[in-house]
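The chain contents come next:
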Amino acid sequence: MTNFEKIAKEIEKLDTSKMFQGDFLQTWEKDDDEIAATLKVADALRDLRERNISTKVFDSGLAVSIFRDNSTRTRFSFSSACNMLGLEIQDLDESKSQIAHGETVRETATMISFMADVIGIRDDMYIGKGDAYMREVIAAVKESHEDGILEQRPNLVDLQDDIDHPTQALADLNHIIHQYGGVENLKGKKIVMSWAYSPSYGKPLSVAQGIIGLMTRYGMDVVLAHPEGYEVMPEIEKIAKENAGKSGGSYSKTNDMKEAFKDADVIYCKSWAPFKAMEERTELYGNGDFKGIDRLEQELLKQNANHKDWACTEEMMKLTKDGKALYMHPLPADITGVSADEGEVDASVFDRYRNQLYKQASFKPYVIAAMIFLSKFKDPAKVLKELEARGTERRYTEK
Amino acid sequence: MTNFEKIAKEIEKLDTSKMFQGDFLQTWEKDDDEIAATLKVADALRDLRERNISTKVFDSGLAVSIFRDNSTRTRFSFSSACNMLGLEIQDLDESKSQIAHGETVRETATMISFMADVIGIRDDMYIGKGDAYMREVIAAVKESHEDGILEQRPNLVDLQDDIDHPTQALADLNHIIHQYGGVENLKGKKIVMSWAYSPSYGKPLSVAQGIIGLMTRYGMDVVLAHPEGYEVMPEIEKIAKENAGKSGGSYSKTNDMKEAFKDADVIYCKSWAPFKAMEERTELYGNGDFKGIDRLEQELLKQNANHKDWACTEEMMKLTKDGKALYMHPLPADITGVSADEGEVDASVFDRYRNQLYKQASFKPYVIAAMIFLSKFKDPAKVLKELEARGTERRYTEK
Amino acid sequence: MTNFEKIAKEIEKLDTSKMFQGDFLQTWEKDDDEIAATLKVADALRDLRERNISTKVFDSGLAVSIFRDNSTRTRFSFSSACNMLGLEIQDLDESKSQIAHGETVRETATMISFMADVIGIRDDMYIGKGDAYMREVIAAVKESHEDGILEQRPNLVDLQDDIDHPTQALADLNHIIHQYGGVENLKGKKIVMSWAYSPSYGKPLSVAQGIIGLMTRYGMDVVLAHPEGYEVMPEIEKIAKENAGKSGGSYSKTNDMKEAFKDADVIYCKSWAPFKAMEERTELYGNGDFKGIDRLEQELLKQNANHKDWACTEEMMKLTKDGKALYMHPLPADITGVSADEGEVDASVFDRYRNQLYKQASFKPYVIAAMIFLSKFKDPAKVLKELEARGTERRYTEK
């Protein structure tokens with residue numbers, strides 16, 4: 001049995017019926033079968049592509065991207081995913097568009113969707129906004145589809161919201177699974193999601209939350225570590241605890257970085273802004289209080305500077321299991337002496353893990369493609385096998 | 001006979017020979033067969049797409065878009081149309097390009113057209129400019145094609161100029177036809193193109209002019225209503241009168257909104273700037289007199305504010321035929337209490353017609369695709385039937 | 001034998017093995033077979049396209065463009081080339097991306113390349129930067145490919161660097177070859193690369209250097225003409241001399257425009273900034289000395305203004321062979337009385353050669369497509385013949 005046949009067989013056993021014509025927002029809204037199917041379909045699509053077999057399932061059609069925050073990695077991952085399925089990207093650049101002040105989300109969403117099969121959105125800047133906006137878009141296109149206005153119903157892929165970063169967390173999970181040779185091998189492994197110092201301000205909480213919200217499902221010992229004052233959203237901690245309970249793992253929290261790193265198998269170490277401060281910023285923004293935002297920024301930078309010792313140094317890495325924990329980061333990292341005077345990680349640590357970090361990133365396009373694929377096909381294993389049988393070349397080869 | 005066969009049969013009867021290798025600018029340059037063919041081909045393409053049959057007629061090729069004004073709806077409509085025919089959008093963003101000061105239109109048009117099959121242009125900001133620019137582009141690519149420089153001749157689609165908005169007007173007409181179950185049922189219907197108050201300034205005249213220039217061809221009683229001082233271009237009124245004469249309908253004008261609304265079957269109600277003011281603005285712009293433009297803006301906003309009673313209110317709608325006229329708008333609308341304190345339309349009126357407004361908008365991508373299609377094929381009905389017979393799936397379906 | 005068969009036969013004789021999985025930077029890095037193959041493949045692709053035969057060799061895949069300078073012609077040429085081979089453009093707009101301060105080129109290059117088959121870069125603004133950046137990108141994607149991070153290795157096309165403009169120079173060469181009916185007819189022809197006055201500042205040297213670095217390979221008498229102080233890079237002059245020695249032509253330099261024009265067969269006449277000044281600008285830029293840059297700009301404009309007599313006037317053209325030399329320019333030109341008060345060329349000269357100038361430009365998309373094609377196929381002639389045999393229509397034609 002080939003690797004591809006094995007993957008297809010595993011997908012057959014999973015119930016993905018609720019993903020058909022659905023959307024992908026937070027990972028905790030998906031059950032275990034759905035998460036597993038997303039990773040397996042990602043692996044199957046990658047396997048096909050690596051064998052030069054086309055995965056194009058659309059002859060034409062648009063994929064609309066809406067980026068309300070800068071992005072390189074996720075933008076290219078989304079483009080890649082859509083392109084490999086046959087969809088053409090049409091970016092909604094809100095600065096160039098004629099969106100009326102006060103125009104409803106329903107209207108904009110409908111107007112861009114007459115021939116859209118997919119909508120990808122990044123909206124992670126303001127607490128309480130990004131996720132809410134995405135749900136409005138989904139409600140809009142669903143309603144317009146049901147009302148017969150939209151011939152097809154575009155499915156939404158959450159490219160990072162204010163709470164979760166599902167395409168990142170799932171790419172990360174797939175990377176860990178591939179590192180350990182199977183999801184069953186994650187049981188009992190210790191993974192640390194640690195805050196780290198960065199000279200910048202206002203980094204989203206969604207990566208940290210995504211990690212504790214997802215990794216707790218696989219029997220791992222998940223530790224959240226951060227200085228006092230850098231708490232994440234309590235709702236997500238609640239989810240992490242419940243997950244850990246069900247999966248036979250654990251979820252704990254500490255303000256002691258060293259304790260966290262001790263004997264860890266996996267270190268995920270990055271900066272984020274305190275949830276409370278992000279809430280305050282959202283309120284200030286809502287009130288148009290830009291002076292207040294500037295003041296808050298100064299306060300936060302000062303607060304960050306009190307915790308410069310929170311960095312993934314060589315010394316810290318020595319505390320991990322055999323000094324060899326898997327180091328992870330969503331990139332770009334603030335590397336001490338490279339991209340920042342003092343940053344999240346020592347240059348030598350980063351360099352040693354560079355290839356693994358890039359491999360970690362390489363899972364994202366396929367995860368996004370899988371999310372789209374599962375929203376379009378009731379029987380994904382069947383379609384994957386048909387694509388293999390069709391055997392269209394992605395890249396022409398001499399006959 | 002299927003709906004598709006019926007449409008194809010109707011297209012066969014129409015003479016579209018002059019559209020082959022032609023361009024689509026103002027609707028009044030097209031004869032009745034050509035207008036009818038555009039709508040029928042749009043319907044046929046939509047029918048194919050709704051049955052998941054690919055309408056791709058290009059294996060590769062570019063569609064160049066030039067937007068000299070903001071746009072969401074038309075931009076996505078153009079992208080959708082080109083994508084469904086197999087062309088990839090390449091936007092000419094004049095701010096990022098290296099267009100020399102004084103570079104001739106002939107040169108730019110040729111340089112972007114070596115592999116362009118279509119050029120779509122929105123240029124609606126200055127009276128006397130947009131239409132003229134498009135004709136220069138057409139002349140340029142025609143000449144370069146005749147001189148053997150361009151292998152293929154890109155055909156131009158006017159995505160709104162300073163005089164007409166043909167893709168809008170034709171989408172609107174198709175909406176009305178579908179509402180009334182056939183073009184023959186428009187005879188004797190009263191349609192009002194009414195000005196409405198908006199707190200913004202300088203909205204193009206081209207929608208209003210497009211409506212009176214097109215709807216007068218179908219035996220309707222077309223009424224243009226606006227406050228004194230909001231006159232449209234006299235040349236277009238002349239066209240409207242002539243059309244009405246030939247079609248057995250009528251064209252009239254009033255400064256009394258209530259009189260206009262009385263017993264109307266269709267209400268098209270939107271703001272525009274007075275033609276004379278737009279001419280003055282163009283002149284000020286030409287002279288680089290930006291202070292003058294600011295002054296003019298203040299004057300016009302003040303003038304607008306004298307006519308806040310020109311709004312499509314519930315009360316006004318009651319005056320229409322059975323209080324149930326079809327309400328139309330090109331969107332986005334200035335909705336009172338939603339997108340403006342006081343605007344073009346009551347929120348309750350807008351809400352009641354929301355689905356119909358969205359359906360109205362849904363015709364535009366297909367109208368644009370039809371314009372392109374007719375510029376590329378001598379025998380459009382034959383090609384449409386061949387596409388149906390070819391039966392390529394647009395979206396893969398399980399076998 | 002058809003024209004296509006003839007071209008294919010000629011390609012068969014050329015050794016292109018080192019181009020497979022390679023990159024295209026400066027022309028002088030390529031041997032004669034490689035240059036010849038690039039032009040022949042360009043001709044073959046054009047022949048296929050003109051016979052409506054699809055040259056799509058990718059079913060899906062991305063082509064990443066990075067423009068660090070404005071561009072219209074090259075941007076559209078790159079888009080066209082990628083589109084005709086089946087690749088979708090994904091632009092890396094550095095202003096919208098989340099490239100961290102100090103992020104390594106290796107990281108960015110890898111992150112955008114997971115599904116990229118081609119990367120096209122324009123980076124021509126600073127001496128010592130553009131070429132160096134491109135080589136860093138190449139090293140990065142090669143390493144990431146070898147490390148198993150990138151499934152495929154994107155090949156780089158240099159869309160103008162600080163030293164050479166290879167796609168321009170090769171398009172220009174192909175234009176001359178087609179004008180003279182074969183590369184063998186270039187022997188003994190006199191071609192002048194002349195500086196010309198322009199009221200603008202800081203134009204790249206790369207076109208002038210590209211021309212003397214390439215045209216000296218074909219037995220032509222190549223003359224570089226410029227006022228004192230407008231020297232090009234000595235390394236490139238050295239290459240030009242060596243080329244001329246090998247090819248049986250000559251390379252000479254003069255500060256006398258009239259002497260240069262005398263009996264010339266081909267006149268290439270455009271402005272550039274002195275190499276030394278460009279070096280100074282790079283240093284000022286490196287130091288963030290923007291006042292210094294402003295000062296330098298004023299100096300250079302003043303220096304330029306001393307040489308307003310360096311223009312391709314009717315009088316100057318009379319000095320050329322029979323007064324009928326082929327006039328060339330990469331466009332856009334500064335045309336006296338049209339795009340500048342005083343510029344590089346008389347309007348009447350420009351007008352007389354307009355069609356030829358546009359034809360010159362028309363070679364660029366095919367040259368770029370050929371560069372990509374040769375980086376992807378070991379046996380390009382075989383693939384070209386297979387594409388002809390496959391006979392897929394580019395544009396649907398009635399059956």
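Rules used in this analysis
Residues numbered from 1 in each chain as written. Chains lettered and ligands numbered in written order. Predicted model: local features only at pLDDT ≥ 70, side-chain atom pairs only at ≥ 80, totals over all residues. Heavy atoms only, no water. Contact = heavy atoms within 4.5 Å. Salt bridge = Lys/Arg side-chain N within 4 Å of Asp/Glu carboxyl O. Polar contact = N/O pair within 3.5 Å; in protein donor to acceptor, adjacent residues only side chain to side chain. Helix = DSSP H or I, 4+ residues; strand = E, 2+ residues; numbered from the N terminus. Nonpolar A, V, L, I, M, F, W, Y, C, P; charged D, E, K, R; others polar. Buried area = accessible area lost by both parts, 1.4 Å probe. Pairing = 2+ DSSP bridges. Axes fitted to C-alpha atoms, helices over the stretch in contact; angles between N-to-C directions. Parallel < 35°, antiparallel > 145°, perpendicular 65-115°, else oblique. Buried < 20%, exposed > 50% of the residue type's maximum accessible area, 1.4 Å probe, protein only. Right-handed = clockwise from strand over helix to strand, strands pointing away. UniProt positions renumbered as here; feature names shortened; annotations may be inferred. Least-squares fit on C-alpha atoms with pLDDT ≥ 70 in both.

### Remarks on the interface of chain C and chain A
At the interface, 43 residues of chain C touch 42 residues of chain A. Taken together, the links from chain C to chain A amount to three salt bridges. Residue A:Arg394 is joined to C:Asp117 by a salt bridge in which the shortest nitrogen-to-oxygen separation is 2.9 Å. The tally of links between chain C and chain A comes to 21 residue pairs in polar contact (both at pLDDT 80 or more). Here the side of chain C that touches chain A takes five residues from helix H16 (residues 380-390) of chain C, the largest share from any one element. Partitioning the side of chain C that touches chain A into residue classes produces 15 nonpolar, 13 polar and 15 charged.

### Looking at the pattern of salt bridges
Residues and elements named next belong to chain A. This model, assessed by the stated rule, comprises 90 salt bridges over all chains. A salt bridge links Asp 147 to Arg 106; the shortest N-O distance between them is 3.5 Å. Pair noted here: Asp 147 is in the loop between helix H5 (130-146) and strand E4 (155-158) and Arg 106 is in helix H4 (residues 105-111), with a separation of 41 residues, a long-range link. Among the charged side chains, a salt-bridge network with shared partners connects Lys 18, Asp 31 and Glu 34.

### Points about the interface of chain A and chain B
In this complex, chain A contributes 43 residues to the contact, which on the side of chain B involves 42 residues. Between chain A and chain B, a total of about 3800 Å² is buried, with carbon and sulfur atoms accounting for 51% of that surface. Between the two partners, chain A and chain B, sit three salt bridges. Measuring nitrogen to oxygen at the nearest pair gives 3.0 Å for the salt bridge that ties A:Glu107 to B:Arg73. Linking chain A to chain B there are 21 residue pairs in polar contact (both at pLDDT 80 or more). Counting residues per element, the side of chain A that touches chain B draws most heavily on helix H16 (residues 380-390) of chain A, at five residues.

### Thoughts on the sheet that holds E4(A)
Residue and element names in this part refer to chain A. Here four strands make up an open sheet; going across it, the order is E2-E1-E3-E4 and the pairing parallel. This sheet does not close on itself; its edge strands, each paired only once, are strand E2 (88-91) and E4. Averaged over all neighbouring strand pairs, the angle between strand axes comes to 25°, with direction disregarded. In terms of strand pairing, strand E3 (residues 116-122) meets E4 through four bridges, oriented parallel. By the bridge assignment, Gly 120 is partnered in E4 with Val 157. Sitting on the sheet, helix H15 (residues 364-376) touches E3 and E4, and the angle it makes with E4 is about 155°.

### Things to note about the packing of helix H14 (residues 354-362) of chain A against H15(A)
Residue and element names in this part refer to chain A. Closest axis-to-axis distance for the H14/H15 pair is 5 Å, and the angle between their directions is 15°. As summarised for this structure, H14 and H15 are arranged roughly parallel, according to the angle between their axes. Within the contact between the two elements, H14 uses Gln 360, Ala 361 and Ser 362 and H15 uses Lys 364, Pro 365 and Tyr 366. For the contact of H14 with H15, the residue count by class is three nonpolar, two polar and one charged.

### Focus on the pairing of E3(A)
Residues and elements named next belong to chain A. Counting buried positions along E3 yields seven of seven residues, so the element is predominantly enclosed. Both strand E1 (residues 62-67) and E3 contribute to a ladder of six bridges, which runs parallel. In the sheet register, Ile 66 faces E3, and the bridge partner there is Ile 121. A crossover links E3 with its parallel partner E4, the connecting element being H5, and its sense is right-handed.

### A few points about the UniProt feature "domain: Aspartate/ornithine carbamoyltransferase Asp/Orn-binding" (unreviewed entry) in chain A
The sites that UniProt annotates as "domain: Aspartate/ornithine carbamoyltransferase Asp/Orn-binding" (unreviewed entry) are residues 207-372 of chain A. With 51% helix and 10% strand, residues 207-372 of chain A has its two end C-alpha atoms placed 21 Å apart.

### Remarks on the relation of the copies chain A and chain B
Superposing chain A onto chain B takes a rotation of 120° combined with a translation of 0.1 Å along the rotation axis, leaving an RMSD of 0.0 Å. Both copies are brought into coincidence by an operation consistent with a three-fold rotation axis. The rotation axis passes nearest to the C-alpha of A:Glu88 in chain A, at a distance of 4.6 Å. The residues that chain A uses at the interface reappear at the interface of chain B in only 5% of cases, marking distinct surfaces.

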